[in-house]
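Chain by chain, the residues run as shown.
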Amino acid sequence: MTTKKINRRQFVAAASMSSLAVLNIGNSALGAELNSEFDSVKKEKPTWKKIGDSIYGAKADETGPIGGGKGYKNIITSGDYTVDSLESLIEALAKAKAGQVVFIPGDKIIDMTTFIYIDKIMLNIPEGVTLASDRGHNGSEGAQITSDGLDTPGMILVNGPNVRISGIRLQGPNPKRYLDHHKRAFGPGGPGHPYYYKFPTSNGINCKFPDLEVDNCIITAFSRAGISLQAGTRHHIHHNLIHRCQYNGLGYGVSHDKASSIIEFNQFNENKHSLAGTGSPGCGYIARNNVELGISLQHNFDMHGGRDRKDNTTIAGTTIEIYNNTFLGPLMAVVIRGVPQDKCDVHHNWMPTHKNASSAVRAEEKTYTTNNLYADGKVA
């Protein structure tokens with residue numbers, strides 16, 4: 001399958017048209033501004049089409065709007081512990097038991113910058129505990145947890161299975177691309193990875209345990225990954241807005257190592273890759289009913305292969321399913337950089353900026369791109 005290339009000038013021109021590109025990431029009202037922007041997009045631009053008996057693209061379910069927020073049905077409005085400061089949050093998480101909820105009122109801002117910089121630790125969520133705020137309830141933006149330190153290895157560490165993170169705004173320190181730094185590191189004669197990694201990176205949520213649920217959140221401005229699924233199965237990432245994770249060379253909305261997940265009903269924008277995977281055996285995802293709103297540094301959904309890992313294989317994950325998503329941007333929608341152990345199915349997506357499969361998907365064996373809706377209104 002061949003790739004239709006779009007040059008950087010065309011991409012930058014498209015990106016510069018977005019009013020989102022000039023938002024101040026440090027503004028505590030970011031959540032409200034973004035909700036306003038994306039509510040407008042949802043109202044003005046349909047995200048799915050019906051042709052015959054088939055639906056192409058992303059269609060909201062009864063749980064609420066794609067991206068969450070106002071109208072989301074599963075908002076948490078109280079908890080077993082209600083906290084209003086970083087100290088009380090740490091104390092509550094240390095006490096909470098499986099089945100309990102630690103709740104942060106929606107008008108609170110919890111700044112972790114000095115805590116991360118000095119103590120080098122994260123918020124630890126024990127097995128079975130829910131950390132929640134009330135994004136979308138009676139106009140609430142949801143509590144904000146933030147770090148301004150560029151060296152933020154993680155803000156939240158999941159310390160057991162069956163954890164839920166719901167209704168919060170998780171804001172990292174770095175929404176930028178740093179294209180020049182990447183060029184110096186990896187351009188002709190560049191010093192490579194040792195130089196590149198002298199600049200610190202940031203993660204939002206780190207998880208090695210199964211059954212993590214992240215819903216109704218805004219996750220933004222992490223240079224490595226908004227959500228890093230390092231291991232575990234049955235993760236469920238849904239009804240979130242995940243954007244501006246776009247540090248060149250990294251920059252993932254949701255990344256997978258030896259992990260698998262269901263990713264659905266999310267809005268993505270201004271990430272390098274919104275979904276990414278190392279491609280190690282066991283790595284995979286089901287991505288359905290998500291909307292790519294139009295700006296990305298590179299292709300939207302990604303899976304690395306053995307050549308990236310340099311492990312003398314061509315393996316690009318185990319099982320990948322990509323269906324009923326809407327890709328509104330000009331860049332490649334899906335790139336599978338090797339051969340899945342099982343397969344990758346790409347179907348029933350709406351790709352109104354792409355002419356055909358070869359302009360939307362680049363892959364090798366065992367990736368099947370069929371029955372998608374393209375720019376000419378035809379299904380192929």
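So, here's what we can say about the structure. Everything numeric in this text was worked out from a predicted model, so none of it was measured. (Residues numbered from 1 in each chain as written. Predicted model: local features only at pLDDT ≥ 70, side-chain atom pairs only at ≥ 80, totals over all residues. Heavy atoms only, no water.)

Another point: the pattern of salt bridges. Following the criterion strictly, the structure yields eleven salt bridges and no others. Here Asp 215 and Arg 164 are joined by a salt bridge, their closest N and O atoms 2.8 Å apart. Within this pair, whereas Asp 215 is found in strand β13 (residues 213–215), its partner Arg 164 is found in strand β10 (residues 164–166), the two being separated by 51 residues in sequence. Of the residues examined, Arg 164 reaches a relative accessible area of 17% and is grouped as buried. (Salt bridge = Lys/Arg side-chain N within 4 Å of Asp/Glu carboxyl O. Helix = DSSP H or I, 4+ residues; strand = E, 2+ residues; numbered from the N terminus. Buried < 20%, exposed > 50% of the residue type's maximum accessible area, 1.4 Å probe, protein only.)

On strand β28 (residues 367–370), burial follows the alternation: Thr 367 and Thr 369 on one face are buried, whereas Tyr 368 and Thr 370 on the facing-out side are not. Looking at chain direction, strand β26 (residues 343–347) and β28 are connected through four bridges and run parallel. Of the residues in β28, the one forming a bridge with Val 346 is Thr 369. (Pairing = 2+ DSSP bridges.)

Strand order in this open sheet of eight strands is β5-β8-β11-β14-β16-β18-β21-β24, and the pairing throughout is parallel. Each edge of the open sheet is held by one strand with a lone partner, namely β5 (109–111) and β24 (326–327).

Another aspect to go through is the packing of aromatic side chains. Evaluation of the coordinates by the stated rule reveals eight aromatic pairs. Aromatic side chains Tyr 178 and Phe 199 sit 4.9 Å apart centroid to centroid with 50 degrees between the ring planes, which places their arrangement in the tilted category. Taken as a pair, Tyr 178 in the loop between β11 (169–171) and α5 (179–186) and Phe 199 in the loop between α6 (193–196) and β12 (203–207) lie far apart in primary sequence, 21 residues in all. Summarising the aromatic geometry, the rings of Tyr 196 and Tyr 247 are spaced 5.3 Å apart at their centres and angled 10 degrees between planes, so their arrangement reads as stacked. Of this pair, Tyr 196 sits in helix α6 while Tyr 247 sits in the loop between β16 (241–243) and β17 (252–264), and the two are 51 residues apart along the sequence. The exposure classification of Tyr 196 matches that of Tyr 247, with both residues buried. In textbook terms, an aromatic cluster arises when at least three aromatic residues are bridged by ring pairs, as seen for Tyr 178, Phe 186, Tyr 196, Tyr 197, Phe 199 and Tyr 247. Over the ring of Trp 48 we find Lys 59, and its NZ or CZ is 4.4 Å from the ring centre. The aromatic ring of Tyr 117 is capped on one face by Lys 120, whose charged end is 5.1 Å from the ring centroid. (Phe/Tyr/Trp six-rings, centres within 6.5 Å; stacked < 30°, edge-to-face > 60°. Lys NZ or Arg CZ within 6 Å of the ring centre and 35° of its normal.)

By size, the foremost hydrophobic cluster in this structure holds 61 residues, and its most contacted members are Ile 165, Ile 205 and Ile 322. Not counting residues up to four positions away in its chain, the partners in contact with Ile 205 are Ile 156, Val 158, Ile 165, Leu 170, Leu 212, Val 214, Ile 219, Gly 226, Ile 227 and Ser 228. By size, the runner-up hydrophobic cluster in this structure holds seven residues, among which are Tyr 196, Ala 225, Tyr 247 and Ala 276. (Core = buried A, V, L, I, M, F, W, Y, C linked by side-chain atoms within 4.5 Å. Contact = heavy atoms within 4.5 Å.)

One number sums up the size of the largest pocket: a volume of about 700 Å³. Tyr 197, Gly 249, Leu 250, Tyr 252 and His 304 are, among the 30 residues lining the largest pocket, the residues nearest its centre. Counting residues per element, the ones that place at least two in the lining of the largest pocket are α5, α6, β15 (225–238), β17, β19 (273–277) and α7 (306–309). In terms of residue class, the lining of the largest pocket is made up of eight nonpolar, 14 polar and eight charged. (1 Å grid on protein atoms, 1.4 Å probe; cavity = no way out; pocket = protein on both sides within 12 Å on 5 of 7 lines; lining within 4 Å. Points joined across faces, edges and corners; volume = space filled by probe spheres on them. Nonpolar A, V, L, I, M, F, W, Y, C, P; charged D, E, K, R; others polar.)

One full turn of an α-helix is made of 3.6 residues, so residues set three or four places apart face in the same direction. If you check which residues of helix α3 (residues 86–95) are buried, you get Leu 86, Ser 88, Leu 89, Ala 92 and Leu 93. Projection of α3 onto a plane perpendicular to its axis shows the buried side chains occupying an angular sector of 160 degrees, all on one side. In α3, the exposed positions angled more than 90 degrees off the buried face are occupied by Glu 87 and Ala 94. Of the surrounding elements, those touching the buried residues of α3 are β3 (81–82), β4 (101–103), β5, α4 (113–119), β6 (123–125) and β7 (130–132). (Arc of directions from axis to C-beta.)

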